[in-house]
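Residues per chain, in single letters:
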Amino acid sequence: MKRVDDFRLRFGKQELVPIVIGGMGVDISTVELALEVARLGGIGHISDAMVQTVSDRRFDTNFVSQKLKKYKANVASSDKSAVHFNLAELEEATRSHVLHAMDAKRGDGMIFINCMEKLTMNAPRETLRMRLSAALDAGIDGITLSAGLHLGSFALIEDHPRFRDAKLGIIVSSPRALAMFLRKNARLQRLPDYVVVEGPLAGGHLGFGMDWAQYDLRSIVAEVLAFLKAEHLDIPVIAAGGIFTGSDAAAFLEQGAAAVQVATRFTVTRECGLPDKVKQEYFRASEDDIEVNTISPTGYPMRMLKGSPGIGAGIRPNCEAYGYLLDAKGRCAYIDAYNSQVELHPGAKKVSVHDKTCLCTHMRNFDIWTCGQTTWRLKDTTRRAPDGSYQVLSAEQVFHDYQFSVDQKIALPP
Ligand SMILES: Cc1cc2nc3c(=O)[nH]c(=O)nc-3n(C[C@H](O)[C@H](O)[C@H](O)COP(=O)(O)O)c2cc1C
């Protein structure tokens, strides 16, 4: 039986260990994690989700407080259409985030950035164009387009000098979504450099409905491979979602995938941005503690731990400070859900909102614990201390376990 290290992901002349660590916003897949993966010869992702608040935390900037100050008068209003991002500030925050990673990069691997289309930021095209072009300006190796169909995203950067040299890829959950993307972009004569096929067991938002359990990654990968073959297209396919062991990964590579994208096993590494106490929640979780629900204002189902403190929390919408999910008209489904609870409970000091969650605030504060379906198995990947806590792992240990293990074995930390 083969192991992952028997395979390589090839981009032109460049050869990589075929392990990609998926983007995890907000700053869960940190620069430190991506750097470590690049050092080990794979591909690490950073994410540009809520990049201004990430910059404030990392570089002592004050983008969030400045934005809040500017729009303070609007805080009590449910009409958020006037709340806009300053594009120059967005550019600055994206640039410093990416430069921080690229300047420190060592080794033969690559660093990509995950860009979610659903972060519509009250001006979807303008803000996405700025995010993508600032990341390219700052020298990112590649961009993975996610959380959306991205039908117009390539066109936003077609005039960028790096449009044809940076690696550009897209995450899809069906051959249909891929076919649509290719059709819409045919005129640009620029194919994606890779396609991530993400199945229903992934963490974060899902590209499926609440019937996600009826789909399986192996079949979707086979369908996408067949589609590409029929179209005579040679685009590397990267399988993602629920790949827990090196043997799971090797099976996808034998099936014809060029690499695997994994994330959940890295949520309990030192380099991951989750607070230590949240890493322990991930370790402790049982299968029953994990759910897919519809509380994300994006409209996509999202997987998370049922014990996430952000579930049901009825906080006032924070769009003046954040506002990443405001659509082109300045609306967010959480604002409506919050307002209807306030109307139902006039005079109440606090309300609970269960339909939707204020995802910006809660992801920023690590209070929505999004996770992959295999999270309940994390406890089998480490040792437990006498006080009941689990040993946090190093990214290197998990990466090497994927790269070298066979027979469904998982190497425990020393
Ligand atoms: C904590 C967490 C956060 C995630 N956040 C994002 C995200 O912001 N954008 C995205 O495209 N995918 C996100 N994902 C999906 C991963 O990038 C990856 O494709 C998927 O989780 C791989 O499956 P696995 O977790 O079973 O290994 C997230 C996954 C996890 C576990």
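Higher on the page you've got the structure.
Residues numbered from 1 in each chain as written. Predicted model: local features only at pLDDT ≥ 70, side-chain atom pairs only at ≥ 80, totals over all residues.

## A word on the overall build of the protein
Next up, step 1: Within the protein, the secondary structure is distributed over 13 helices and 15 strands.
Next up, step 2: Taken along the three principal axes of its C-alpha coordinates, the protein extends 65 × 60 × 40 Å.
Next up, step 3: Expressed as a percentage of the 414 residues in the protein, the buried residues total 50%.
Next up, step 4: Nonlocal contacts in the protein, meaning residues at least 24 apart in sequence, comprise 75% of its contacts between residues at least 6 apart. (Helix = DSSP H or I, 4+ residues; strand = E, 2+ residues; numbered from the N terminus. Buried ≥ 20, exposed ≤ 12 C-beta atoms within 10 Å, placed from the backbone. Contact = placed C-beta atoms within 7 Å.)

## Examining the site of the ligand
Next up, step 1: Around the ligand, the structure places 30 residues, and the nearest of them are Gly22, Ser146, Gly203, Gly204 and Gly372.
Next up, step 2: Taken together, the elements giving at least two residues each to the shell around the ligand come down to β5 (110–116) and β11 (259–262).
Next up, step 3: Partitioning the shell around the ligand into residue classes produces 13 nonpolar, 16 polar and one charged. (Near = placed C-beta within 6 Å. Nonpolar A, V, L, I, M, F, W, Y, C, P; charged D, E, K, R; others polar.)

## Let's talk about the sheet that holds strand β12 (residues 290–293)
Next up, step 1: Strand order in the open sheet formed by three strands is β9-β13-β12, with antiparallel pairing between adjacent strands. Whereas interior strands pair on both sides, the edge strands pair on one side only; in this sheet they are β9 (204–205) and β12.
Next up, step 2: Bridge analysis of β12 against strand β13 (residues 302–305) gives four bridges, and the strand direction is antiparallel. By the bridge assignment for β13, isoleucine 290 is matched with leucine 305. (Pairing = 2+ DSSP bridges.)

## Some remarks on unusual backbone geometry
Next up, step 1: Geometrically, the link from glycine 25 to valine 26 is a cis peptide bond, its omega value of 0° lying close to zero.
Next up, step 2: For valine 26, the position within the fold is in the loop between β3 (19–21) and α1 (31–39).
Next up, step 3: Phi at aspartate 407 is positive, roughly 55°, even though this residue is not glycine.
Next up, step 4: Topologically, aspartate 407 is positioned in the segment after α13 (395–404).
Next up, step 5: By C-beta crowding, aspartate 407 is classed as exposed, having 9 other C-beta atoms within 10 Å.

## Section: the packing of helix α2 (residues 51–59) against helix α4 (residues 87–104)
Next up, step 1: In the contact formed by α2 and α4, the axes pass within 9 Å of each other and the chain directions differ by 55°. Considering their axes alone, α2 and α4 lie oblique with respect to each other. As α2 packs across α4, the resulting crossing turns out to be left-handed. Contact residues: α2 offers Val51, Gln52, Val54, Ser55 and Phe59, while α4 offers Glu89, Leu90, Ala93, Thr94, Ser96 and His97. (Axes fitted to C-alpha atoms, helices over the stretch in contact; angles between N-to-C directions. Parallel < 35°, antiparallel > 145°, perpendicular 65-115°, else oblique. Left-handed = near helix turned anticlockwise from the far one by under 90°.)

## Here's the deal with the pairing of strand β7 (residues 167–172)
Next up, step 1: Within β7, five of the six residues are buried, leaving the element largely enclosed by the surrounding structure.
Next up, step 2: Here four bridges tie strand β6 (residues 142–146) to β7, and the two strands are oriented parallel to one another. In the sheet register, threonine 144 faces β7, and the bridge partner there is glycine 169.
Next up, step 3: Between the parallel pair β7 and strand β8 (residues 194–198), the chain is carried across by helix α7 (residues 175–184), and the sense of this crossover is right-handed. (Right-handed = clockwise from strand over helix to strand, strands pointing away.)

## Description of the nonpolar core
Most often, soluble globular proteins keep nonpolar side chains buried together rather than apart.
Next up, step 1: Counting residues in each nonpolar core, the largest one holds 122 residues, and the members touching the most others are Val195, Val197, Ile238, Ala239, Ala257 and Val260.
Next up, step 2: Those residues within four positions of alanine 257 in sequence are excluded, and the remaining contacts are Val221, Val237, Ile238, Ala239 and Phe252. (Core = buried A, V, L, I, M, F, W, Y, C linked by C-beta atoms within 7 Å.)

## Section: the sheet that holds β7
Next up, step 1: As summarised here, the arrangement of the eight strands in space is β3-β4-β5-β6-β7-β8-β10-β11, forming a closed barrel in which the pairing is parallel. Direction aside, neighbouring strands of the sheet carry axes that sit 25° apart on average.
Next up, step 2: By the bridge criterion, four bridges tie β7 to β8 in an arrangement that is parallel. Looking at the pairing, glycine 169 lines up with tyrosine 194 of β8.
Next up, step 3: Relative to strand β10 (residues 237–240), helix α8 (residues 217–230) is tilted by about 170°, and along the sheet it contacts β8 and β10.

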